[in-house]
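In case you want the letters, here they are:
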Amino acid sequence: MSRSRLTPERETELFEAVLELLREVGYDSLTMDAVAARTRSSKATLYRQWHNKPELVATALQHTSVPGADEVDTGSLRGDFHALLMRTDDCEMAKESALIRGLVQAVHTNPDLFDALRKKVIEPDMAALRTVVDRAVDRGEVGAENPARDFVPHMLFGLFFAIQMIEDRVPNRDFLTRYVDAVVLPALEAR
């Protein structure tokens, strides 16, 4: 899959347009025609670069996401989690949370979307979190046998859905910070 025809700036512009359209119309109503029109591209160029809509959407999410958790190393697990939370603001978190919830609904009827998201977004995010927790194990902050290690992605990602269902709102940095301190870190403490 050659991307040499698009400059990095052009790719960024295109990916941002894809995410804007997703927020506006949702995954099922998003078309390659609409992306082409919004970005002043040809459909042929889009298909040549990404082959299909799921691949384009997953790549856009991957490209515009905050750098991985594995790039944060403050010297403590609490510091790492808090540094990650500070990488985005409440407004951006609300926009991304709504986008992700919409995509989670779409994967139930679009297995190609699920596969693309799994490869490009979910697995790298899980690997990055694993790196953060593994460093905490190496520092002696978390026991290597602690079973909660396997559930860190579930605790963090699941929160975005649970708070919507329970409180009818999206999480903000304050809530996430309190959640990490009250739920995630105690679950990971050496026993």
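What you see is a predicted model, and the numbers here were worked out from it, not measured in a lab.

**Student:** How would you explain the packing of helix 6 (residues 90-107) against helix 8 (residues 152-167) if you had to name every residue and give the values?
**Tutor:** For the pair helix 6 and helix 8, interaxial distance at closest approach is 10 Å and the crossing angle is 95°. If you check the angle between helix 6 and helix 8, you find them roughly perpendicular. Of helix 8, the residues touching helix 6 (which contributes Met93, Ser97, Ile100, Arg101 and Val104) are Phe160, Phe161 and Gln164. Taken together, the residues of the contact of helix 6 with helix 8 sort by class into five nonpolar, two polar and one charged.

**Student:** Talk me through a nonpolar patch on the surface; I want residue IDs and the actual numbers.
**Tutor:** On the surface, a cluster of nonpolar side chains totalling about 200 Å² of accessible area is made up of Ile100, Val104 and Phe161. With respect to the helices, strands and loops of the structure, isoleucine 100 is situated in helix 6. In this structure isoleucine 100 comes out as partly exposed when scored by relative accessible area, which is 35%.

**Student:** Can you lay out helix 4 (residues 53-64) for me, pointing to particular residues and giving the numbers?
**Tutor:** Since one α-helical turn is 3.6 residues long, residues separated by three or four positions face the same way. Taking 1.5 Å of rise per residue, the twelve residues of helix 4 would be expected to cover 16 Å, and the 17 Å separating its terminal C-alpha atoms lies within 8% of that figure. Summarising burial for helix 4: nine of the twelve residues are buried, a large majority. For helix 4, the set of buried residues is Lys53, Pro54, Glu55, Leu56, Val57, Ala58, Thr59, Ala60 and Leu61. The elements touched by buried residues of helix 4 are helix 1 (8-25), helix 2 (32-39), helix 3 (43-50), helix 6 and helix 7 (111-138). Its side-chain oxygen 2.8 Å from the backbone nitrogen of glutamate 55, asparagine 52 forms the N-cap of helix 4.

**Student:** Tell me about the layout of surface pockets, and name the residues and values.
**Tutor:** Taken as a whole, the largest pocket spans an internal volume of roughly 1,500 Å³. In this structure, the largest pocket is lined by 43 residues; those nearest its centre are Glu96, Ile100, Asp125, Phe157 and Phe160. Contributions of two or more residues to the lining of the largest pocket are made by helix 1, helix 4, helix 5 (77-85), helix 6, helix 7, helix 8 and helix 9 (173-188). Among the elements that take part in the lining of the largest pocket, helix 6 stands out by supplying ten residues, more than any other. Classifying every residue of the lining of the largest pocket by side-chain character gives 27 nonpolar, six polar and ten charged. Estimates place the volume of the second largest pocket at around 180 Å³.

**Student:** Any details on the nonpolar core? Residues and values, ideally.
**Tutor:** A general tendency of soluble globular proteins is for nonpolar side chains to be buried together. In terms of nonpolar packing, the biggest core is built from 27 residues, with Leu22, Val57 and Leu103 touching the most fellow members. Put simply, the parts of the chain that give this core at least two residues each are helix 1, helix 2, helix 3, helix 4, helix 6 and helix 7. Per-element tally for this core: the top contributor is helix 1, with six residues. Residues contacting leucine 103, with those up to four places away along its chain left out, are Leu22, Tyr27, Val57, Leu61, Leu113 and Leu117.

**Student:** Give a description of the packing of helix 1 against helix 6 that names residues and reports values.
**Tutor:** Two numbers describe how helix 1 lies on helix 6: the axes approach to 10 Å, and their chain directions differ by 70°. Taken together, the axes of helix 1 and helix 6 lie roughly perpendicular to each other. Residues Leu19, Leu22 and Arg23 of helix 1 pack against Glu92, Lys95, Glu96, Leu99 and Leu103 of helix 6. Residues of the contact of helix 1 with helix 6, tallied by class, amount to four nonpolar, no polar and four charged.

**Student:** So what about the pattern of salt bridges? Which residues, and what values?
**Tutor:** All told, the structure shown has 18 salt bridges when counted by the stated rule. Taking the shortest distance from any N to any O, the salt bridge between arginine 118 and glutamate 123 comes out at 4.0 Å. Arginine 149 is the salt-bridge partner of aspartate 134, the closest N and O atoms lying 2.6 Å from each other. Linking aspartate 134 in helix 7 with arginine 149 in the loop between helix 7 and helix 8, this pair joins segments that are 15 residues apart in sequence. Using a relative accessible area of 30% as the deciding quantity, one classes aspartate 134 as partly exposed. Its relative accessible area of 23% is what places arginine 149 among the partly exposed residues.

Calculation notes
- Residues numbered from 1 in each chain as written.
- Predicted model: local features only at pLDDT ≥ 70, side-chain atom pairs only at ≥ 80, totals over all residues.
- Heavy atoms only, no water.
- Axes fitted to C-alpha atoms, helices over the stretch in contact; angles between N-to-C directions.
- Helix = DSSP H or I, 4+ residues; strand = E, 2+ residues; numbered from the N terminus.
- Parallel < 35°, antiparallel > 145°, perpendicular 65-115°, else oblique.
- Contact = heavy atoms within 4.5 Å.
- Nonpolar A, V, L, I, M, F, W, Y, C, P; charged D, E, K, R; others polar.
- Patch = residues over 30% accessible without salt bridge, like charges linked within 9 Å, V, L, I, M, F, W, Y side chains within 5 Å.
- Areas by Shrake-Rupley, 256 points an atom, 1.4 Å probe, with all protein chains shown as cover.
- Salt bridge = Lys/Arg side-chain N within 4 Å of Asp/Glu carboxyl O.
- Buried < 20%, exposed > 50% of the residue type's maximum accessible area, 1.4 Å probe, protein only.
- Expected span 1.5 Å × (residues − 1).
- Polar contact = N/O pair within 3.5 Å; in protein donor to acceptor, adjacent residues only side chain to side chain.
- 1 Å grid on protein atoms, 1.4 Å probe; cavity = no way out; pocket = protein on both sides within 12 Å on 5 of 7 lines; lining within 4 Å.
- Points joined across faces, edges and corners; volume = space filled by probe spheres on them.
- Core = buried A, V, L, I, M, F, W, Y, C linked by side-chain atoms within 4.5 Å.

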